[in-house]
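Here are the chains, one letter per residue:
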Amino acid sequence: MSSTGVESRAQAEPFYLTTAIDYTNGDPHFGHAYEKVTADAIARYQRLRGREVALVLGADEHSYNVARAAREAGLEPKAYCDRMAERFRATWDRLGITYTDFMQTSDPRHEAAVRTFVQRIYDNGHVYRSTYRGLYCRSCEAFYTERDLVDGRCPWHDEPVETVEEPNWFFRLSAFRDRLRQHLLDHPGFVEPESRRNEVLSLLQAGLEDLSISRAHQSWGVRVPWDESQVVYVWFDALITYVSAIGFGWDEARFRRLWPARLHLIGKDITRFHAVVWPAMLWAAGLALPEKVFVHGFWYCNGQRFSKSLGNVIDPHDLVAVYGRDGARHYLVAETPFGQDGNFTDESIRKRVTSDLANDLGNLLHRTTRMIERYRDGRVPDPGPGRAGETELARLAERVRDAYEAAMEELRLHDAVGEVMRLVRRANKAIDEWAPWALARDPAKAGELDRALYALAETLRLAALLLSPVLVDGSPEIWRQLGIAGEDPPPFRWEDAAWGRLAPGTAIRRGLPVYPRLDPATTRQLAPVRTQSGRPAEAAPAGGGAERPAAPADGAHVSYDDFARLDLRVGLVLAAEAVAGSEKLLRLRVKVGEEIRQIVAGIREQYRPEELPGRRVVVVANLAPRRIFGIESQGMLLAAEGGGRLALVVPERDVDDGSRVK
RNA sequence: GGCGGCGUAGCUCAGUUGGUCAGAGCAUGCGGUUCAUACCCGCAGUGUCGGUGGUUCGAAUCCACCCGCCGCUACCA
């Protein structure tokens, strides 16, 4: 698998990968950084393999939120976008992301590409005119879904929205269902991980609806070429970045060389657009499909979502400031299997960086260079003819290289790094076994000592090379300290990932530890554990007297505390109406103290809408809002069910609405 | 409710097609070493491999049912 045959073809083919393009109505955060770092590690690995790599990043700007943020900042949209794009690029530069292109959707080249693209699918007969119905806010000049609304009102203006119909252009997405399904069956690797692919398949099973791809009444966006009164729907616009960034519509030669992409890296929230809509778009435009859509996981923070209201967002710049560029990158790649969710904690990153980079890798370099200095006058000894490959370390190194290669090709980034760390740990152990300090005292063991020191230096050279896609600062530094001649920074090449390439006689240049241990006393906490109120948790009181022991929770009982988490309230039904198109659902407006909630309840078979207003009910007031039948339900009614009948639970005598139910 | 997935040492997880599969890393305890960044190395562990049945000479690994968790989806108490 390592170095023959198939290679020549692969090397000739460029490797084009993309990350999601980001909304730039706020600064880049941890999740953005994760995606870019993993993409960059893949890109650097492919370059290591000698392939031409295009790594595209970008900014998704034609959304209403961006236009609004611009207005709030007092800037023209384009000026605002350009400024934000700079902030994003600065962050990616800080993280060492080696992107080749950064496409803003407001870039004239992109806008031209979008027009070319949609014109093409129009000419190919995949677009038709129909009516779009949606909820429209006049102030925003934008449509919203039921899910976006807050209390049925515009999330930005707190104004009622109105149902508006407008003529739009529709894309025949449904026509591609069977073909897409077949493609997924024929190409198991088209969507990964497999669980995501299964989701897409079941989605297709459920059926597809055509997609409105234009909007009237909007000025911020790309004009539909054959209908200047409309702009292209923002998602359609955004996806086209993947081709516009590499020249579609403005540099055909480059586009033809790089397309189709080998990999789209995305988060799990946008799977549908990339695994369903995008392939259909490409087919409609007569273009080839990308080889793979890889869905990475989300990061949590102390088990909770990153969110501004919790105050636990992490600025990538802080991550770099505290843990270093390599520390941040290593943590992001090595901590969690690629494709799974991760959980950021200050403790986990400190441990990961300290044990892997400082204690294992950094210290191995330090002790190795120190011994070469001390025992061999600072020159890498000659292991002697034919002996270098005989040591266990040498054999392991080549096995690790092959396992690393397999892992990287399959995007098991975390396994790939883990393999190299295994080698590093084995080298540390080998030092103990060989005890070079003992060999040094016995002139008869000079050959053994030579071989030992050579093997250690060579292991470090290889480990640094294999880790170079992640440890972008440390890998070159390790080579520098090993005294490897050549360009600085070194052009890491896969051909050098073979045992024995380190030239005997090389003068090492020991330096300061590449990865100093973090000082726990001064390491800044990036994500202190917080209480639900958003305040940092109090430290446990000394003496421990005030600790409240958790009630035992056997299978049959919940603790009182668990029960107390429910906020049950008396509510007064103000209005009730049947949910159109539904048999069982009623949409209620319920007054609970000061607030009025919209609650969807499945009680229509037992209660007629007109008999409900004025009645008191019991409401679960702190239930997370859910969308039911397209309508947000902000709570739940308590009802008893039995004998096929449903009975609302009501207070036995009159109490004020808003009263607590215990 | 439907579909998919998961439940293995304190924690995070590996465990291809059933037979050294009961493991790794981290954390803990004890010991060793000195080349080293209070580092590294060794030893010790604990596990009813979610539960119950079944197939088999033999199952963490296959089947059934049950419990719990997660994802997508759904006319949701």
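Counting starts from 1 at the beginning of each chain's written sequence and moves along it residue by residue. Starting at A for chains and at 1 for ligands, labels are handed out in the order in which the entities are written. The predicted nature of this model means local features are confined to residues of pLDDT at least 70 and side-chain atom pairs, given and counted, to a pLDDT of 80 or more, with totals for whole chains, interfaces and linings taken over all residues. With hydrogens and water excluded, all non-hydrogen atoms of the structure serve as input to the side-chain values.

**Comments concerning the overall build of chain A**
Every helix listed is a DSSP run of H or I at least four residues long, and every strand listed is a run of E at least two residues long, numbered separately from the N terminus. On a plain count of helices and strands, chain A comes out with 19 helices and 27 strands. Only protein chains enter the calculation, and the probe is 1.4 Å; a residue is then buried if its accessible area is under 20% of its type maximum, exposed if over 50%, and partly exposed in between. Residue burial in chain A is summarised as follows: out of 662 residues, 52% are buried. Of the contacts formed within chain A by residues at least 6 apart in sequence, a portion of 74% connects residues at least 24 apart. On chain A, roughly 30,900 Å² of surface is accessible, and the fraction owed to carbon and sulfur atoms is 48%. Contacts are assigned to residue pairs with any non-hydrogen atoms lying within 4.5 Å of each other. Per-residue and other accessible areas follow the Shrake-Rupley method at a 1.4 Å probe size, with only the shown protein chains counted as cover for residues.

**Overview of helix 18 (residues 474-482)**
When you tally the buried positions in helix 18, you get seven out of nine residues, the bulk of the element. Of all the positions in helix 18, only Gly-474, Ser-475, Pro-476, Ile-478, Trp-479, Gln-481 and Leu-482 are classed as buried. On the buried face of helix 18, the contacting elements are helix 12 (316-334), helix 13 (346-376) and helix 17 (446-467). Of the residues flanking the end of helix 18, it is Gly-483, one or two places downstream, whose phi is positive at about 80°.

**Structural notes on the packing of aromatic side chains**
What counts as a ring pair is set by centres within 6.5 Å for rings of Phe, Tyr and Trp (its six-membered ring), and what kind of pair is set by the plane angle: stacked under 30 degrees, edge-to-face over 60, tilted for all other angles. For the structure on display, the rule yields 29 aromatic pairs. Ring centres of Phe-117 and Phe-248 lie 5.8 Å apart, and the angle between their planes is 65°; this geometry places the pair in the edge-to-face category. In this pair, Phe-117 is assigned in helix 5 (residues 108-123) and Phe-248 in the loop between helix 9 (241-244) and helix 10 (252-258), connecting sequence segments 131 residues apart. Residue classification places Phe-248 among the buried positions, given a relative accessible area of 1%. Where Phe-117 meets Trp-278, the ring centres are 6.2 Å apart and the plane angle is 20°; that geometry is what we call stacked.

**Structural notes on the environment of Asp-227**
For Asp-227, the location among the structural elements is in strand 12 (residues 227-232). Distance from Asp-227 to Trp-169, taken between C-alpha atoms, is 9.3 Å for residues 58 residues apart in sequence. Here Asp-227 is in contact with Arg-129 and Trp-169, once residues within four sequence places are set aside. A distance of 2.8 Å separates a polar atom in the side chain of Asp-227 from a polar atom in the side chain of Trp-169. A 3.5 Å cut-off defines polar contacts: any pair of N or O atoms within that distance qualifies, except that in protein one atom must be a possible hydrogen donor and the other a possible acceptor, and neighbouring residues in sequence count only when both atoms are side-chain atoms.

**Observations concerning the side chain of Asp-22**
Structurally, Asp-22 is set in strand 2 (residues 22-23). A distance of 3.2 Å separates polar atoms of two side chains, one belonging to Asp-22 and the other to Lys-36. In this structure, Asp-22 is in contact with His-32, Lys-36, Gly-58, Ala-59, Asp-60, Phe-88 and Trp-92, ignoring residues within four places of it in sequence.

**Some remarks on the sheet that holds strand 15 (residues 299-301)**
With mixed pairing, three strands are arranged side by side in an open sheet as 16-15-17. The two strands at the open ends of the sheet, each matched to only one other strand, are strand 16 (304-305) and strand 17 (342-344). In this sheet, strand 17 lies alongside strand 15 in parallel orientation, the contact comprising three bridges. The residue of strand 17 that forms the bridge with Tyr-300 is Asn-343. Any two strands between which DSSP finds at least two bridges are classified as paired.

**Quick look at the side chain of Gln-46**
Within the secondary structure, Gln-46 is located in helix 2 (residues 30-48). Taking relative accessible area as the criterion, Gln-46 reaches 3% and is therefore assigned buried. Setting aside chain neighbours within four positions, we find Gln-46 in contact with Phe-15, Arg-51, Val-53 and Glu-409.

**As for the layout of surface pockets**
If a probe the size of a water molecule is rolled over the atoms, the empty space left behind becomes visible. Counted as a void, the second largest pocket has a volume near 1,300 Å³. Residue lining of the second largest pocket: 40 residues in total, with Asp-22, Tyr-23, His-29, Gly-31 and His-32 positioned closest to the centre. When contributions to the lining of the second largest pocket are tallied by element, the ones reaching two or more residues are strand 2, helix 2, helix 4 (77-94), helix 8 (234-239) and helix 12. With five residues, helix 2 is the single largest residue contributor to the lining of the second largest pocket. In this classification, Asp, Glu, Lys and Arg are treated as charged, Ala, Val, Leu, Ile, Met, Phe, Trp, Tyr, Cys and Pro as nonpolar, and every other residue, Gly included, as polar. Residues that form the lining of the second largest pocket fall into these classes: 17 nonpolar, 14 polar and nine charged. Method remark: on a 1 Å grid restricted to protein atoms, a set of points is classed as a cavity if a 1.4 Å probe fits but cannot get out and as a pocket if it is open with protein on both sides within 12 Å along at least five of seven lines; lining residues have an atom within 4 Å of a point. Grid points are joined across faces, edges and corners, and a volume is the space filled by probe spheres set on the points.

**Concerning the pairing of strand 12**
It is a general feature of regular strands that their side chains alternate between the two faces of the sheet. The sheet contact formed by strand 10 (residues 214-215) and strand 12 spans two bridges and is antiparallel. Each residue of the ladder has a partner; that of Ser-214, found in strand 12, is Val-232. The sheet contact formed by strand 11 (residues 223-224) and strand 12 spans two bridges and is antiparallel. Following the sheet pairing, Val-224 is matched in strand 12 by Asp-227. What sits between strand 11 and strand 12 in their antiparallel hairpin is a turn of two residues.

**A word on the nonpolar core**
Buried Ala, Val, Leu, Ile, Met, Phe, Trp, Tyr and Cys residues form a nonpolar core when they are joined through side-chain atoms within 4.5 Å. Counting residues in each nonpolar core, the largest one holds 108 residues, and the members touching the most others are Leu-17, Phe-30, Trp-92, Phe-344 and Tyr-404. Considering each element in turn, this core owes the most residues, 13 residues, to helix 17. Here Phe-30 is in contact with Trp-299, Phe-306, Ile-314, Pro-316, Leu-319, Tyr-331, Leu-332 and Phe-344, once residues within four sequence places are set aside. Core analysis: the next-biggest nonpolar cluster, separate from the first, contains 60 residues, Phe-176, Val-191, Trp-278 and Ala-280 among them.

**Considering the environment of Leu-393**
As for its placement among the helices and strands, Leu-393 is situated in helix 14 (residues 392-409). Sequence separation between Leu-393 and Thr-459 is 66 residues; the distance between their C-alpha atoms is 7.6 Å. Dropping the residues within four chain positions of it, Leu-393 is found in contact with Leu-423, Arg-426, Ala-427, Ala-430, Trp-434, Ala-455, Leu-456, Thr-459 and Trp-499.

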